[in-house]
Amino acid sequence: MTYAITQTCCNDATCVAVCPVNCIHPTPDEPDFGTTEMLYIDPKSCIDCGACADACPVDAIFPADRLTERLREYEGINAAYYAEREPAPVLASPTFHRWGEPVFDRSIPADFAPIRVAIVGTGPAGMYAAEDLLLHTNAEVTLIDRLPVAGGLVRYGVAPDHPATKGAGETFARFHSHPRVRMRLGVRIGTDVTPEELAAHHDAVIYAVGAPSDRRLGIPGEDLPGSVSATSVVSWYNAHPETGADAVRPSTERVVVVGNGNVALDVARVLVTDPDALARTDIADHALAALRDGRVREVVLLGRRGPEHAAYTTSELLALKHLPGVDLVVDDHDPRTGAAIDAAAPGTKAALLKGVDRTAVDWTRAPARDRRRIVLRFHSAPVEALGTDGVRAVRVTEDGDPSGTEIGAGLLVRAIGYRGVPLAGLPFDETTGTVPHEGGRIVGLPGGYVVGWIKRGPSGGIGANRACAEETVGTLLADAVAGALPKPTGTSREFRLLARSRSGRGLVDARGLASIDRAERARGRDAGRPRVKLATVPELVAAARGRRVRLPG
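We now turn to the structure provided with this report. The shown structure was predicted, so the numbers you read here are calculated from the model rather than taken from an experiment.

1. Remarks on the overall build of the protein chain
Move 1: Along the protein chain, the regular secondary structure elements total 19 helices and 23 strands.
Move 2: If you line up the protein chain on its principal axes, its C-alpha atoms span 70 × 65 × 50 Å.
Move 3: Residue burial in the protein chain is summarised as follows: out of 553 residues, 55% are buried.
Move 4: For the protein chain, restricting intrachain contacts to residue pairs at least 6 apart in sequence, the fraction spanning at least 24 positions comes to 74%.

2. Some points on the pairing of strand S13 (residues 326–331)
Move 1: Across the 6 residues of S13, 5 count as buried, placing the element largely inside the fold.
Move 2: Bridging between S13 and strand S15 (residues 372–377) involves 5 bridges; their strand directions are parallel. Bridging from a neighbouring strand, Val 329 pairs with Val 375 of S15.
Move 3: With helix H14 (residues 335–343) bridging S13 and the parallel strand S14 (residues 357–359), this β-α-β connection has right-handed handedness.

3. Here we look at the packing of helix H10 (residues 262–272) against helix H13 (residues 314–321)
Move 1: For the pair H10 and H13, the least separation of the axes is 10 Å and the interaxial angle reads 20°. In terms of orientation, H10 lies roughly parallel with respect to H13. As for the relative orientation of H10 and H13, their crossing is left-handed in sense. Residues Asn 262, Leu 265, Asp 266 and Arg 269 of H10 pack against Glu 316, Leu 317 and Leu 320 of H13.
Move 2: Taken together, the residues of the contact of H10 with H13 sort by class into 3 nonpolar, 1 polar and 3 charged.

4. Remarks on the sheet that holds strand S11 (residues 254–258)
Move 1: With parallel pairing, the 7 strands of this open sheet are ordered in space as S10-S19-S11-S12-S15-S13-S14. What marks the edges here is a single partner per strand, and that holds for strand S10 (227–229) and S14. The mean angle between the axes of side-by-side strands here comes to 25°, regardless of whether they run parallel or antiparallel.
Move 2: Two strands pair when backbone bridges link them, and S13 and S14 are joined in this way by 3 bridges, in the parallel orientation. What sits directly across from Val 330, in S14, is Arg 358.

5. Some remarks on the side chain of Arg 529
Move 1: Take Arg 529: it is sitting in the loop between helix H18 (510–527) and helix H19 (537–544).
Move 2: For Arg 529, a relative accessible area of 9% translates into the label buried.
Move 3: Among all residues touching Arg 529, those that are not within four sequence positions of it are Ala 279, Thr 281, Asp 282, Ile 283, Asp 285 and Gly 524.

6. Let's talk about the pattern of salt bridges
Move 1: Under the defined criterion, the tally for this structure stands at 38 salt bridges.
Move 2: Between Glu 253 and Arg 369 there is a salt bridge, with the nearest N and O atoms lying 3.3 Å from each other. Remark: Arg 369 occurs in the loop between S14 and S15 and Glu 253 occurs in the loop between helix H9 (230–237) and S11; sequence separation between them is 116 residues.
Move 3: A cluster of three or more residues bridged by salt bridges with shared partners is formed by Arg 155, Glu 170, Asp 517, Glu 520, Arg 521 and Arg 531.

7. With respect to H13
Move 1: Within H13, 7 of the 8 residues are buried, which leaves the element mostly enclosed by the surrounding structure.
Move 2: The elements touched by buried residues of H13 are helix H3 (73–81), H10, S13 and S15.

8. Quick look at the packing of H18 against H19
Move 1: Between H18 and H19, the least distance of the axes is 7 Å, while the angle of their chain directions is 105°. By the angle between their directions, the pair H18 and H19 is classed as roughly perpendicular. Only Leu 540, Ala 543 and Ala 544 of H19 make contact with H18, whose side of the interface consists of Gly 512, Ser 515, Ile 516, Ala 519 and Glu 520.
Move 2: Broken down by class, the residue content of the contact of H18 with H19 amounts to 5 nonpolar, 2 polar and 1 charged.

9. Quick look at the environment of Ile 189
Move 1: Here Ile 189 lies in the loop between strand S7 (181–185) and helix H8 (195–200).
Move 2: As a C-alpha pair, Ile 189 and Gly 425 span 236 residues in sequence and 9.8 Å in three-dimensional space.
Move 3: Discounting residues that sit within four places of it in the chain, Ile 189 has contacts with Val 120, Ile 144, Thr 194, Pro 195, Leu 198, Tyr 207 and Leu 423.

10. Describing the packing of aromatic side chains
In this description, an aromatic ring pair is defined by two values, namely the gap between the centres and the angle between the planes.
Move 1: Throughout the structure, instances matching the rule amount to 4 aromatic pairs.
Move 2: When the centroid spacing of 5.1 Å and the interplanar angle of 85° are considered together, the rings of Tyr 81 and Tyr 82 count as edge-to-face.
Move 3: The class of Tyr 82 is buried, set by a relative accessible area of 10%.

11. Observations regarding the environment of Leu 353
Move 1: Inspection of the secondary structure assignment puts Leu 353 in the loop between H14 and S14.
Move 2: Owing to a relative accessible area of 0%, Leu 353 belongs among the buried residues under this scheme.
Move 3: Between the alpha carbons of Leu 353 and Gly 512 there is a distance of 48 Å; along the sequence they are 159 residues apart.
Move 4: Among residues more than four places away in sequence, those in contact with Leu 353 are Pro 307, Tyr 312, Leu 317, Val 330, Ile 341, Leu 376 and Phe 378.

12. A short note on helix H17 (residues 492–503)
Because the α-helix completes a turn every 3.6 residues, residues three or four places apart line up on one side.
Move 1: In a regular helix each residue adds 1.5 Å, so 12 residues correspond to 16 Å; H17 covers 16 Å between its end C-alpha atoms and thus fits that length.
Move 2: When H17 is considered as a whole, its buried residues turn out to be Phe 495, Leu 498, Ala 499 and Ser 503. Looking straight down H17, one finds that the buried residues subtend no more than 110° of arc, so they occupy a single side. In H17, the exposed positions that point more than 90 degrees away from the buried face belong to Arg 493 and Ser 501.
Move 3: At its buried positions, H17 is contacted by strand S6 (140–145), S7 and H8.
Move 4: Phi for Gly 504, located one or two positions after H17, is positive at around 70°.

13. Examining unusual backbone geometry
Move 1: Here the residue pair His 25 and Pro 26 is connected by a cis peptide bond, since its omega of -5° sits within 30 degrees of zero.
Move 2: Position of Pro 26 relative to the elements: it lies in the loop between strand S2 (24–25) and strand S3 (40–41).
Move 3: Although it is not a glycine, Asp 48 sits at a positive phi angle of roughly 65°.
Move 4: When you line up the elements, Asp 48 lands in the loop between S3 and helix H2 (51–55).
Move 5: The class for Asp 48 is partly exposed, based on a relative accessible area of 32%.

14. Comments concerning the environment of Gly 303
Move 1: Position of Gly 303 relative to the elements: it lies in the loop between strand S12 (298–302) and H13.
Move 2: Take Gly 303: its relative accessible area is 1%, and that puts it in the buried class.
Move 3: When the C-alpha positions of Gly 303 and Arg 377 are compared, they lie 6.2 Å apart, and in sequence the two are 74 residues distant.
Move 4: Excluding its chain neighbours within four sequence positions, the residues that come into contact with Gly 303 are Asn 260, Arg 377, Phe 378, His 379 and Ser 380.

Calculation criteria
Residues numbered from 1 in each chain as written. Predicted model: local features only at pLDDT ≥ 70, side-chain atom pairs only at ≥ 80, totals over all residues. Heavy atoms only, no water. Helix = DSSP H or I, 4+ residues; strand = E, 2+ residues; numbered from the N terminus. Buried < 20%, exposed > 50% of the residue type's maximum accessible area, 1.4 Å probe, protein only. Contact = heavy atoms within 4.5 Å. Pairing = 2+ DSSP bridges. Right-handed = clockwise from strand over helix to strand, strands pointing away. Axes fitted to C-alpha atoms, helices over the stretch in contact; angles between N-to-C directions. Parallel < 35°, antiparallel > 145°, perpendicular 65-115°, else oblique. Left-handed = near helix turned anticlockwise from the far one by under 90°. Nonpolar A, V, L, I, M, F, W, Y, C, P; charged D, E, K, R; others polar. Salt bridge = Lys/Arg side-chain N within 4 Å of Asp/Glu carboxyl O. Phe/Tyr/Trp six-rings, centres within 6.5 Å; stacked < 30°, edge-to-face > 60°. Expected span 1.5 Å × (residues − 1). Arc of directions from axis to C-beta.

Have a look at this one:
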C-alpha cells in the first residue's frame, strides 16, 4: 500500500522533512518546488510508514486504498508525476536519508542577544515568519493585526467548504500563547500607530499585510450595483468584519464570474453548492441565509484564453467535477476550445475536461429551474456591463462577432487577481503592487522587512509562504548579527500602553483571542457546525472581553 497527496495540499513541505525514504517530491531543494501545483508521493518508493500523513497540517495525505470516490483520481495523479522521472534512490535502510555535505545557511552566535520583532499581519506569511523566529532563535515576537482576531487569509480567504485547508490555522494557533509572543490585535498601523512608532519599540518590523485589494476590469458599467470583486464575495461568505452582510446579493438566477483561477472557482462553487451542505461549515450566517433565499442556478466562468492556459489548479477543477447536484459544462461557442481539449496530453488541465459535456449554450434562455450548473466559457472576455440601476447583463467577446454576445446576469464578479496597497511610511511599487525589497529587506528602511504577497505579489498558496518567510527571517538575522538593526528607544510594555491608548477598548491580546475562539466554537456546537463566526468588530471585541454576544436571528 502507498500513500497519496490529495486536493488540499498546501505545499509547505512539512511532509518532505519527515519522510524517511525521500519519496515526496519536489523537495525545497529541487527546481520544480514552488512551480508544481502540489507535492507528490512516489508509489514505488513509499514504505507506508504514515509519517507524512501525521505531519500534514491540512490533512491532505491518505492511504491510497482508503481514498474516497471523489479523491480516487489522486492515486494516479501522484504516480503520473514520476512516470518519466528517474526514481529516487533506494536506500539500504528505511530509517535514514542519504545526506550530502552539511550546509549552514544561518550562522547565529551562541551569545546572540534576544531581539524584539514586530510582525504586522497574522495570516500564513506572518505566522510562518513567527514560527521561524520562535523555533530557531530567542527572539521576542509582537503579533499585530488591524482586526481584533488573528488568522488573515486562513480565516477570511479559504472557502468554507475547504475545512482541511483551514486546519493550517490550528498549526499557527499554537504560537499565539507562546511565552515569547505578545498579541496586539485591533491595532491599525498607519492610523492608530505609525510605522515610525512601531519601529521605535522593536529591533525589527516584518510587514505581512498581504494584497487586500483587487484588479479592475476597466470596462463600461463596472461600477454598477451588482458588479463586485471576488475579494468582496470571499470576505462576505467568510464573515469578514469589514464587509457588510448586504455586500453581495445572490438574488439572480445567473452570475458571471470573470477569471478562471482558484478564487473564481471558489466563488462559483460556493454560489451553487446546496445550502444544506454549506450549513455544516463555518460560512457566515448572513451568507448562508442569503444563499438559502437566493435564486442562483448558474455561474458562468469567463476565461480570456483557452482551457490549456487556465489558471486554476488541477485539484480545484476536479472538485468542480465532483460537486453534488451541480453540472459542469464547457461552452462550445469557439472551435478552439474543443480542439484544445481533444488534443490535450494526459495529465494536463485541458485533458481533465475530456468527458465533460460540451454544448453551444443558448444565452437567450434562462437557466434551468431543476438543476444547478457551472459553465466554463473559454476564449471570452467581458467588454461591458449592461444596466441602469444595476447589472442586468454582461456583453462578452464572441469569436468572429465584433458586437459580442449578451449574457443575462444580475451579478458580475471580477476575479482577475489581488493587488497590494500602499502602507503609510513604506515605499511602494505601483507597477507590481509590492514593497521594494532585497531578500525581504525593505529598500531604504533599516529594520523594516516584508514577507508574503506584499513582498512577492499575489502568487502561491499557504505553503509558499514558508520558503518566503525563511528568506526574510534569514536576511533579518544576518542584519542583526552584523549589528545593522536600529536600536529601539521604547520597551515592550511602553508599546502595549501606546497601542491600548490609541486603539481604545478594541485592543485584544492572546487571552481575548482565546475567548473569541471559545465563543465561536460554542455557538458552532449549538448549531452542529465547527464554529459560528462573529461577523462584526463590536461582536468580536465583546467576546474577547468574555461578554455574551447576541447574534441576529
